Amino acid sequence: MPPLSAQDFVRALRAPSDPPQPGGPTKLELARATWDDESRLVPNKEENIVEWILTRLLKEKDTSRRVKRICFGKFVLLTTLHFSSSNHLLDLQIWQLLSDILHVSAKSTTGSRTSRTLRTWLLPLLNRIPTAPILVAFLGLADHDFPTALLYVGCRTLSLLWPIAVPKINIDTLLDCYSAVVRCLARREWQQPEGNTREAVTRLVDLVVASYRSSLSNSVAKRKLYAKFIQTTFHDWIECTSSDDLAQSFPQSHAELYQAGIDTLFSLDVLRQAQGQADDTIENTLKDAISSSPSAILSCVPRIFQSYVHVTQKHRNTLFSQGSSRGSVTSAEQARKAGMKFFASCIAVINSIPANDSTWRTTAALLEFVDLQRLLGLNDEAATHTLRGVVELACDLLASHITDTQCPQVASALVAFATVIHIDYDIAAPILPRVMRIIATRPLPIDLSSVLLKHILEYNAQTRSADAVVDLLLTAFGSHTFTSLSSSYGSLYITAATTALLHHAFLDDLSKFVYAFTTPGQISTIIQNTLEHLRVASFEFEQRSKLGSTEDDSVPRKKRKTEKGSLSASDGIESFAISFATLAGIASVALTSLPLHLLQDNDRRVVVGTIQEYYGSFKATLKNASKRICSGDSSSTWSWQIVASAMIRLRYALGSDRTLQLDTEGNAKVIVKFSPLLKVEGLLPQLRIEILRTWFMDVEKGRSEPTPAFDEALSYLEKWLPRCDHSWNGDLCHLAITDEGQAEAAVVILHMLLDRWLSLCDSDDNATQEQCRRLVALISSIQARQTSCASASYSGITLEDVLHRALHNALFWESHTLRDALLSLISTETTLIDEVDIKQLLSEFHSRTPSTALPPDGLSSVVANTFGLLLSTPVEYLTRKARSDLMRRAQAADIALSSASIQSDVVCVTMLREFLRRMHEFLGSVDHTIISDYLSVLMDSFERLEPPPDSFVSTTLELINMYLRASVKLAVNSEGILLQILDSFIQSPALNAHVGQYSGAQLRVRALVHLVDILTTECKPKEITEGLQSKLLALKGHLSGWLLPQMHAIGSAEHGADAALHLPILQLWHRLLALSSWLSCNDRYPEFGRTLTRRQLTCANSLRRQSTEVYVVILSIVHAELLAQSHETGGIDLSAAVATYLAFCDLCSASVDINDLDECMAKFCRLSPPSDFSSMMDLLYDGLSTKGLCESSIGSLIQVTNVMMRNSPEGSLKLLQTHLSRCLNLFANLVAGKEGSYLRSNILAFMGYQFNDRPAMIRQQDLSSVWSILGSCFKGSTLHDSFTCKNTFSDIVAIISALLRLRRDLIATTLPQLTCILRRLIMSLRRLRPHLGGKQTRIVSDTLPNWINPHETARAEDGKAVARLLTTLTTKTIVRTYGSNSHSATEGQKAESLARPFSKHAAYVLCAYIVALNDPLCVLQADVRKELEPGLFALCDMMGEHNRDAMMVASLDLGGKSVMKGIWREYEKQKYVGKG
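No experiment lies behind these values; they were computed from the predicted model shown. (Residues numbered from 1 in each chain as written. Predicted model: local features only at pLDDT ≥ 70, side-chain atom pairs only at ≥ 80, totals over all residues. Heavy atoms only, no water.)

Considering the packing of helix α8 (residues 171–185) against helix α13 (residues 251–265)
Argument step 1. As a packed pair, α8 and α13 sit with axes 12 Å apart at the nearest point and diverge in direction by 130°. One element, α8, and the other, α13, form an angle in the oblique class. Like other packed secondary-structure pairs, α8 and α13 cross with a definite hand, here left-handed. Along the contact surface, α8 presents Tyr-178, Val-181, Val-182 and Leu-185, while α13 presents Leu-257, Ala-260 and Gly-261.
Argument step 2. Here the contact of α8 with α13 is built from residues that sort into six nonpolar, one polar and no charged. (Axes fitted to C-alpha atoms, helices over the stretch in contact; angles between N-to-C directions. Helix = DSSP H or I, 4+ residues; strand = E, 2+ residues; numbered from the N terminus. Parallel < 35°, antiparallel > 145°, perpendicular 65-115°, else oblique. Left-handed = near helix turned anticlockwise from the far one by under 90°. Contact = heavy atoms within 4.5 Å. Nonpolar A, V, L, I, M, F, W, Y, C, P; charged D, E, K, R; others polar.)

See below:
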């Protein structure tokens, strides 16, 4: 078809039919062809096409999809009734054409396809054709099968149209657009768009939401919009804002969507109307919606509540007038009351559905915010009633039968109850006794229950009601608490004993609480109340026991009721036993924690006498219990044992308390008479433990014979410890009358004996030598089991834990009896090693023939047993003979096990070598007789392991290093040993084959690396003999011939990819170069350093980053090659070394890795000539001065400059001074022009190192640059880092401190600049006050530097650092300078300080602190102010009264004067006036 004319084209677009001509192209095809053909000159081509497209799209919004509004409650349900297959809104081509035209027009310039700007022709068009209906219709069609490409193009196009069209859109239409956006985003399929689609959707959403929020803030119809929003948008808004997927995909848009809804719901007009009349619209709407979407509503309710409270508090002065009708109620109180009213509405919404875990989690979240904001007022009866209802519901849930599925629900209810207690204790106080009984009998979470108990203690600490807390706890464990429960008494006892009320953490808090907050008048009350509860529980138990013993045995035991419905006499005796046992646990803490020192002597004697009287009653009760237990009455034995255990435990607590100091003489023989019970079958393990513990206490006090007690304990341990394969969880109640329970009890007894009663073993009057030997034998058996058995993970206390704690206890080794017994046992057991024939084993080992001299049977177990203990033995406690024998035996055992089956005995061999390493390190010497042979064993044992453990490798290498160092020291007088070692290296198969053939080569190579390091660093060539030199030359030649082919292979493309696989070869090649230089050989070797560096750089992107060792060894090879070249050229090419260093610094990520490279570079810099060093400094300065470098490149150059200046060659002071001056000038310009944190941190680190290490290099001309750099660091910024850079502050303080301490002479001439920096340091400690508006926040944050986050709290350490800096001004120091006679000049100096010259400037620094403190928008935290006090006092001391008065008159307002008076008052208090 021929091209249409301009007039025909316009007519075709406006034709009523499509296509305009039957059988011809469609309008879309005509428009696309006309737009793509630039040769078709159609006036206003883009305007005509866009007008046709927008008109077509606007018509489709009515015909494409008809929507019926079905009212459901107050929501509108949109139901599709008709869908047209020819819908232009779903046509990707028409959207693509519109997008192309708009984007070309948006970028139009003179001479382009369209010379008119987009806004010129599009604005009139959009005034005629509304865009909002098109957007609403397009988003309304976005269903689950909506094409991603269409979504991208549509959102992208609408984003271009929206900014131009939005000024003509009214607020009602904007709400429709916002609703369309919310409705579409609420669909799950839209929540994960990818790539460009996500950006396009985000852009459109942000534009629509921003426009709606802007128009809403200026609208006068907010109440109308509120009603419309509730009816049409609220449900979709809830679904959208509660979606976690949407929050992750569009975090910023998600927050803006939520805030737009909050602005609509809680606008000032809506809130003002709600205050005037009861408005439950939101509550009713939430109730209607929660039945269909409970999870979405419950997740949003806490957030909506928080937003309501924040808005109400923000506008409280506007919402709540202060007229006379309000009385004395402030606006803040009314705002809190309104918040609690909304809280009641939220609780009503939650209670409208059945309770579950989500409802209780939501309730707990609401309560936590109420507690955080302190919303509950003093006389808010409605809120109190609501909270009381929450408490009752929580209590009913806790009291119900708890199933596994209800555990999360119960945990949330417990959190809610604890929060209510923290909000208002009086609300929960009436129901608290019931809750405490529930906690005492239910397996509730310990951590959550502890929070509840903590709140109880906090409240009663404020009211000084310690007696009420103790009474509450005692009442919770009353007998009536347990009699009504139907569960078995064994499980009930375990539950009660392990509840949070008897947890060790809470008992510790209770002890501290009773001691700190009990008043003198409450002491007697607590004692009487506690003893009364104990007497009642004991009396009831004994009465029930007597009645039970007189009953007929034919009565069934499990029958709970008689025919008349009452409890039988014997039924429930266990409940009274449990009650007494738990009461005794509380009583032992309460009675031993009382502050008796607060009482007068007479009153103290009275209350102690009361406790003494009860203590004396134990004798009769325990005697009765002993008879009942020995009688074997199965119906009450368990109960009597529980009571006896609790009573003995209470007796122990009271008798051992140093505050009470009870007279225990009359009760001395009770436990001795009770000891026959230990022979009774079926004795509870906890009763056995309590008897032995109290028995040992009597032994310690001299009231009982020690031998029977130790015999009983050791006999039990010898019987049950070999069977112990479990751990003890720390609770005695879990120890049952089973083999497992008895074994766990043995762990407890051993722990008690070695931890608490170990002192009894070090006295001739207590444990006998035979008993100590038995105890040591038990310890040895535990060590043997620990080594032989595979380690398993236990959550409790194991035998290994007990042994580890005992062997690390100094008291154990100070005990002569135990120590002698242990060493005697070790000496006896290791005599088996003397049977080893070392010479035969060594000869067979070197000849690599099968060993005929087998190690003695049981050698491995002996080594594991004895040397495992020796590794925990302090070397100082071994005698000289014992050390010599044990080292000889350790070497013999190592050789024997290494010759036989080292693979199975690797743990034992590691123990032996670790013991030898520690002994050699302690003695500082090694056995010279078999150094060479034993070294061969150590190095060759590596190849027998596949793979070798890391502990074995590290220990063996350290031991090899010790022997090599000893052989080098001996070579001065006797070269034979070192010659043998060198021959072994030359003849070793490991150094004659490829390194990858077997693993033994690596240890041999690493050993040789250590030997070369020792020779080159600790010896000089002239100190060794000619024979050794010739042998070293032979070794060098052998190594060069072996290493060269492998280095060529590593440098090639086939083998050089991963250098970490060839690290030992690279290390050995570097040592070969070092050895050649040390021997002054002029050998020329191929240069591999640059090739390896190039290989690492080219492979850095395709391979993983190498370890730091690889980079360090390659850098060392480059250095060695450069040093070798210097012997010929006379100079060192430092540029190559620096380039390699910089390349590897870019590949290293951690600062620790860079430190290793710094150390390597430092060694090389010290060896460089001053002339080459000077040229390199000039080259580095030129690099720093180059424009266009990125921040990381500049930082790396600064770092290498710092390393080289700190390790400069001798005679380079003037060069360093010049370079430092020009670097500081350059850094001042860099910091002023850039705000990068990496660049700033490198510059400050450079200055800190130079000023502290070499302060004499600083000259007067450098200070201007220093102050400029520091001032730029405090320059205000509108952008701030996410986290405050702590290092920047500390580096600035360190720089100023170094100048004050070391270069006072320079600082004295620039005191005004110092004053400015000190003022800025103090001002940088300010932080924003909470709840500031955006404008107020910017006022403060714009004055802070970019490395400070204004929302983070300032650290007290920073305040302390500033105070220390200010006090340095008053410290007398001596200036450090260089000169021809610097030492004598330093001696003649008089130590002075800057106090007098700085006195004129101190007022300005102090004024900065006062201004920061009085700023209404800022806050200086209390801990920061506390730490700043010493510095402020130093400023006051320098100022004097005259300068103080001048500052008060000239610089301070009324508030500042008040602050200054307070500072001076505190200064006067601490000022020394010379009177003592």
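Looking at the confidence of the model for the protein chain
Argument step 1. Averaged over the protein chain, the pLDDT score is 82; the fraction of residues at 70 or greater is 87%.
Argument step 2. Here residues 63–85 is modelled with pLDDT under 50, and outside its nearest four sequence neighbours on either side it reaches 44 contacts, counting other chains as well. (pLDDT = per-residue confidence, 0-100.)

A few points about the nonpolar core
Argument step 1. The biggest cluster of nonpolar side chains holds 483 residues, and the ones touching the most others in it are Trp-95 and Trp-237.
Argument step 2. Looking at this core element by element, the count peaks at 13 residues for helix α30 (residues 573–592).
Argument step 3. When sequence neighbours within four positions are dropped, the list of residues in contact with Trp-237 reads Tyr-178, Val-182, Phe-229, Leu-257, Tyr-258, Gly-261, Ile-262, Leu-265 and Ile-304. (Core = buried A, V, L, I, M, F, W, Y, C linked by side-chain atoms within 4.5 Å. Buried < 20%, exposed > 50% of the residue type's maximum accessible area, 1.4 Å probe, protein only.)

So, the packing of aromatic side chains
Argument step 1. Within this structure, the stated rule accounts for 33 aromatic pairs.
Argument step 2. A network of ring pairs unites the aromatic residues Tyr-178, Tyr-212, Phe-229, Phe-234, Trp-237 and Tyr-258 as a single cluster.
Argument step 3. Of note, Arg-303 hangs over the ring of Tyr-258, and the distance from its end group to the ring centre comes to 3.7 Å.
Argument step 4. Cation over ring: Arg-723 sits above Trp-720, and NZ or CZ is 4.5 Å from the ring centre. (Phe/Tyr/Trp six-rings, centres within 6.5 Å; stacked < 30°, edge-to-face > 60°. Lys NZ or Arg CZ within 6 Å of the ring centre and 35° of its normal.)

Some details on the pattern of salt bridges
Argument step 1. One pass over the full model with this rule turns up 40 salt bridges.
Argument step 2. Between Arg-917 and Glu-958 there is a salt bridge, and its shortest N-O distance comes to 3.3 Å. In this pair, Arg-917 is assigned in helix α45 (residues 906–923) and Glu-958 in helix α47 (residues 950–970), connecting sequence segments 41 residues apart.
Argument step 3. Residue Glu-958 is classed as partly exposed on the basis of its relative accessible area, which comes to 39%.
Argument step 4. Three or more residues joined by partner-sharing salt bridges are found here, namely Asp-834, Lys-881, Asp-885, Arg-888 and Arg-889. (Salt bridge = Lys/Arg side-chain N within 4 Å of Asp/Glu carboxyl O.)

As for a positive patch on the surface
Argument step 1. On the surface, a cluster of positive charge is made up of Lys-619, Lys-623, Lys-627 and Lys-673.
Argument step 2. Among the secondary structure elements, Lys-673 is positioned in helix α34 (residues 670–674). (Patch = residues over 30% accessible without salt bridge, like charges linked within 9 Å, V, L, I, M, F, W, Y side chains within 5 Å. Areas by Shrake-Rupley, 256 points an atom, 1.4 Å probe, with all protein chains shown as cover. Lys, Arg positive; Asp, Glu negative; His and termini not counted. Charge placed at Lys NZ, Arg CZ, Asp CG, Glu CD.)

A few points about the environment of Asn-809
Argument step 1. By the secondary structure assignment, Asn-809 is in the loop between α39 (799–807) and α40 (810–814).
Argument step 2. Measuring from C-alpha to C-alpha, the distance between Asn-809 and Leu-758 comes to 9.8 Å, with 51 residues separating the pair along the chain.
Argument step 3. Those residues within four positions of Asn-809 in sequence are excluded, and the remaining contacts are Leu-754 and Leu-758.

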